[in-house]
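Secondary and tertiary structure notes
Listed below, chain by chain, are the residues.
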Amino acid sequence: METNETHKVSDRALAGKLVEEIDRLTRPLGRKVRYMEVCGTHTVSIFRAGLRQLLPPQIELVSGPGCPVCVTPDSYMDKAIAYAKELDTIIATFGDMLKVPGSESSLSEAMAAGADIRVVYSPLDSLKIAKENPNKTVIFLAVGFETTAPTAAAAVIAAKRAGLKNLFMLSAQKLIPPAMKLLLDDERTNVDGFLLPGHVAVVTGSDAFLFLARDYHKPGVVAGFEAVEILRAIYRLAQMTTAGEARVENEYDKVVSREGNGAAQRAMYDVYEAVDTPWRGLGDIPASGLRMRDEWQSFDIERVRPIEVNVKPNKAKSLCRCGEVLKGQIVPQECPLFAKACVPEHAIGPCMVSVEGVCAAHYKYGGGKFKYGA
Ligand code: SF4
């Protein structure tokens, strides 16, 4: 039986071989080869493993829009803060939402001022809070992609079964494929292929990304999160780039199937339907958001108790270049606020808040790169 140490040594040897092969395949192209990692977890894994430094110089890894906190707009945060300030309300949220700046303040500031805001690890935790606090309105901040939306849907279904009348969702859940289409329709997006998000693909299946090859002639490979899994996916991309081919392949088939998780998809689309929605930095994207269907609207706080917010323009935030960062058009170091006015402790934009944010990853691990193409 292999020991962990043997594993590490063999992984290191395999990683070295893969890097050599990627170099051998792409060096003759005589140009930069750009692959976008769509998912924030990949961004962090790539930094942690030092893959940018390990890969040959012609390979450029570009970060994309797959950090849910980073793409949640000001108006959503302002609404969450406004609900939090209401006396009878408990906000249940993932911890990385606390410091996301709204147009004027954040949930952590509302919490310091006395709002009842509780950090949860799953939407299902908000059920327990609602049961324990029958006289309070409990609002779960449903922010995430296909990865978390089925669990939010499961919480709503369970609340209905339990006859709970005090649990609601404030939904800003989003779908990844429409955002990728938006990027590809933008002529400034210059990528040779995509490292596809493993966690999202567990739910959607790898076939959800077939449009890349069919409609845009771009290859995509679903990847796991270990360094060797990411390198293997980049190797597959490099093979296709060199051959001028475009397919969608699955290098994470231990957990991702072509069709995805049918039960999770059914729960998600039983409760939600796709609608146009705004992404911070990217604008409105058709059919990219999840809104509760009419038959579930009694769990939708915006329809049960609508709230108006006035998003205030903010001079410092107007300089934030998260939109271009999330489209892979600039690296965070090109933002004038990076590591100066904007640091994780005092983030101006959301890409610096989340641990999966591109700016936060560059700040923490350093990119060694101050301009794409350099
Ligand atoms: Fe926005 Fe801060 Fe990133 Fe600049 S460094 S793009 S202000 S999050």
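Relevant structure appears above.
Residues numbered from 1 in each chain as written. Predicted model: local features only at pLDDT ≥ 70, side-chain atom pairs only at ≥ 80, totals over all residues. Heavy atoms only, no water.

Time to look at the nonpolar core. Counting 70 residues, the largest nonpolar core has L107, M180, F194, F209 and L212 as the members making the most contacts within it. Per-element accounting of this core gives the leading share, 6 residues, to helix α4 (residues 74-84). In contact with L212, other than residues within four places in its own chain, are M180, L184, F194, L196, H217, K218, G220 and V248. If you look at the next biggest cluster of nonpolar residues, it comprises 29 residues, including V138, F140, L167 and L290. (Core = buried A, V, L, I, M, F, W, Y, C linked by side-chain atoms within 4.5 Å. Buried < 20%, exposed > 50% of the residue type's maximum accessible area, 1.4 Å probe, protein only. Helix = DSSP H or I, 4+ residues; strand = E, 2+ residues; numbered from the N terminus. Contact = heavy atoms within 4.5 Å.)

Moving on, we come to the packing of aromatic side chains. The full count for this structure, using the stated rule, is 7 aromatic pairs. With a centroid separation of 5.9 Å and an interplanar angle of 15°, the aromatic rings of F47 and Y365 are classed as stacked. Of the two residues, F47 is situated in helix α2 (residues 40-49) and Y365 in helix α16 (residues 358-365); the sequence distance between them amounts to 318 residues. Ring centres 5.5 Å apart and planes at 85° place the aromatic pair F94 and F140 in the edge-to-face group. With F94 in the loop between β3 (89-93) and α5 (107-112) and F140 in strand β5 (residues 137-144), this pair connects stretches of sequence that are 46 residues apart. For F94, a relative accessible area of 17% translates into the label buried. The side chain of K174 reaches across the aromatic face of W279, ending 5.9 Å from its centre. Sitting above the plane of the F211 ring, K181 keeps its charged end 4.8 Å from the centroid. (Phe/Tyr/Trp six-rings, centres within 6.5 Å; stacked < 30°, edge-to-face > 60°. Lys NZ or Arg CZ within 6 Å of the ring centre and 35° of its normal.)

This part is about the sheet that holds β5. The strand order across the open sheet formed by 4 strands is β4-β3-β5-β6, and the pairing between neighbours is parallel. Taken across any chain shown, the strands that pair with only one partner, and hence form the sheet edges, are β4 (116-119) and β6 (167-173). Sheet twist, expressed as the mean angle between neighbouring strand axes with direction ignored, is 25°. By the bridge criterion, 4 bridges tie β3 to β4 in an arrangement that is parallel. Note that in β4 the partner of A92 across the bridge is R118. Each of β3, β4, β5 and β6 is contacted by helix α6 (residues 123-132), which is oriented at about 175° to β5, the strand it contacts most. (Pairing = 2+ DSSP bridges. Axes fitted to C-alpha atoms, helices over the stretch in contact; angles between N-to-C directions.)

For a regular strand, the rule is simple: side chains alternate between the two faces of the sheet. Burial analysis of strand β1 (residues 33-39) places 7 of its 7 residues in the buried class, the great majority of the element. Strand direction decides the pairing type here: β1 and strand β2 (residues 59-66), joined by 6 bridges, are parallel. Within β2, the residue paired with V33 across the bridge is I59.

Under the definition given, this model contains 2 disulfides. Here C67 pairs with C70 through a disulfide, and the sulfurs are 2.3 Å apart. The sign of the S-S torsion, about 75°, decides the handedness of the disulfide formed by C67 and C70: right-handed. Across the pair, exposure class does not vary: C67 and C70 are buried alike. A disulfide bridge connects C322 with C351, and the sulfur atoms are separated by 2.3 Å. (Disulfide = S-S within 2.5 Å.)

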